[in-house]
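# Examination of the molecular architecture
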Amino acid sequence: MMKDKRLVRFQKWIARGSLIAGFCWGIFFSFSYMEESIPDKIWIERGKEESFDFHLPVTGEMEQAGLEVFGNQSPMVEKDKIKLDLNESFSLKSQEQGSYSMTCRLFGLFHIKEVNVEVVEQAQVVPCGIPVGIYVKTDGILIIGTGTVTGSDGMNYEPAENLVKSGDYVKTINDQVIGNKEELIEKINQCQGEPVVLGILREEEYIQIKLQPVQTSQEEYKLGIWVRDDLAGVGTLTFYDEEGKYGALGHPVSDLDTGTKVSMGEGTLYDAEIAGITKGEKGNPGEIAGVITYLDQYRLGTVEENTNVGIYGNLEKTPDKVGQESYYPVGLKQEIEEGEATIISTVSGERKEYSIVVTDLDYNSENKGILFQVTDSELLNLTGGIVQGMSGSPIIQNGKVIGAVTHVFVQDASKGYGIFIENMLEH
């Protein structure tokens, strides 16, 4: 009898614990869902009424000065603060450029997040969608790995193992700045077997590492490191503006061996030609093979920045493949709709638009905010959908540039991700 009572009490305890745990998980997921459903940053064009409709039991509080609020609600104004009900649609408008902060709270009580509201001038760009060649020098000498060297005594050595890492950048040797891998090799040979100190940049931290070179022949010494001081590839030019500034790719240039974003020095943008296409299949995203001609007459401009949302620089001339300049207005996040859109690409050898469908939006993703599926039969027959090398292809909806292609689904080449164009324009 006593055992039965204990069992009943234990079962009640388990049931109550499950209810409490379920309630806590429910609150956690509710907060996470609401945090993801509200953008971290909102752009609105100066002088234009921008509409929002979040349908969340959340209040937003922001400064009154310089902002007008419209919609199906009557916002409360208290001590120069506007309180908005994000469960109902509303519109914001401002006649002046500037930044505002909106504090979002669940039921007006529990803090969820701060949203940055930026009032910007209307932007317009020329969408490109053409292949370009990218050649850049690394800022320092990139270490891509370590290996075994055979000494002049016939023994195998690994002098750099567990000391340097893939992704390190060699900036100096024995406190002397070096500019390329040839200089590095020369300095190592000059050491005549004495230890050398490498100045290494590792994830924004500068460190010094002492290594013992291995003599491999009478006049040759090695550290057992594989290095690179430049790289080249083909990508897609996304847009350029009235000042000739351009953005491309929508994601960073990464080293193929280390998988890390390249710390970039000087770089050059060239015209490029598509030489072949490997069609995307399940498990294989496919790729575009391109040809770059490194001659001055094919030079388009400079490569000056490598960021998480693309590469940037200045055009020195308008690419012939773009044709007659045609500026498109920029479409902001809140203007994008699920449904039909197009991408501009030159995969067929001709610059043209291909049909896609926007299927979902993630307002807070850095470069995967637009989920889409290719529906254009011509593009599907040609490439299978999205292939490597199409990153940067502009996405157009309702006559506006809304983003650029960035990633492809490995298991389904017809599906891909895109970046919001405003994320690229921030840089």
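Here, the structure is the one placed above.
This write-up is about the structure you can find in this document. Keep in mind that what you see is a predicted model, and the values were worked out from it rather than measured. (Residues numbered from 1 in each chain as written. Predicted model: local features only at pLDDT ≥ 70, side-chain atom pairs only at ≥ 80, totals over all residues. Heavy atoms only, no water.)

Okay, the overall build of the chain next. Per the secondary structure count, the chain includes four helices and 32 strands. The C-alpha atoms of the chain give a radius of gyration of 28 Å, which is well past the 22 Å a tight globule of 427 residues would have. With respect to the principal axes defined by its C-alpha atoms, the chain has extents near 85 × 85 × 50 Å. Buried positions account for 44% of the 427 residues belonging to the chain. (Helix = DSSP H or I, 4+ residues; strand = E, 2+ residues; numbered from the N terminus. Rg over C-alpha atoms; globule rule 2.2 N^0.38 Å. Buried < 20%, exposed > 50% of the residue type's maximum accessible area, 1.4 Å probe, protein only.)

Moving on, we get to the pairing of strand β6 (residues 81-85). Side chains Ile82 and Leu84 project from β6 onto a buried face, and the interleaved Lys81, Lys83 and Asp85 project onto a face without burial. Of the strand pairs in this sheet, strand β3 (residues 58-63) and β6 are connected by five bridges, and their pairing is antiparallel. By the bridge assignment, Glu61 is partnered in β6 with Lys83. (Pairing = 2+ DSSP bridges.)

Moving on: helix α2 (residues 181-190). Of all the residues in α2, the buried ones are Leu184, Ile188 and Asn189. Each buried residue of α2 lies within a common arc of 130° when the element is viewed along its axis, so the set occupies one face. In the core, the buried residues of α2 are packed alongside β10 (124-146), β13 (169-173), β15 (196-202), β18 (220-222) and β19 (225-240). Of the residues that open α2, the one with a side-chain oxygen 3.2 Å from the backbone nitrogen of Glu182 is Asn180. Of the residues trailing α2, Gln192 is marked for its positive phi of about 55°. (Arc of directions from axis to C-beta. Contact = heavy atoms within 4.5 Å. Polar contact = N/O pair within 3.5 Å; in protein donor to acceptor, adjacent residues only side chain to side chain.)

Another aspect to go through is the side chain of Ser391. Here Ser391 shows up in the loop between α3 (377-383) and β30 (394-397). The exposure class assigned to Ser391 is buried, which follows from its relative accessible area of 12%. Within the structure, the side chain of Ser391 is placed 3.2 Å from the side chain of His251, a separation counted as a polar contact. At 3.0 Å, the side chain of Ser391 forms a polar contact with the backbone oxygen of Thr406. With residues near it in sequence (within four places) discarded, Ser391 still touches Thr236, Leu249, His251, Val405 and Thr406.

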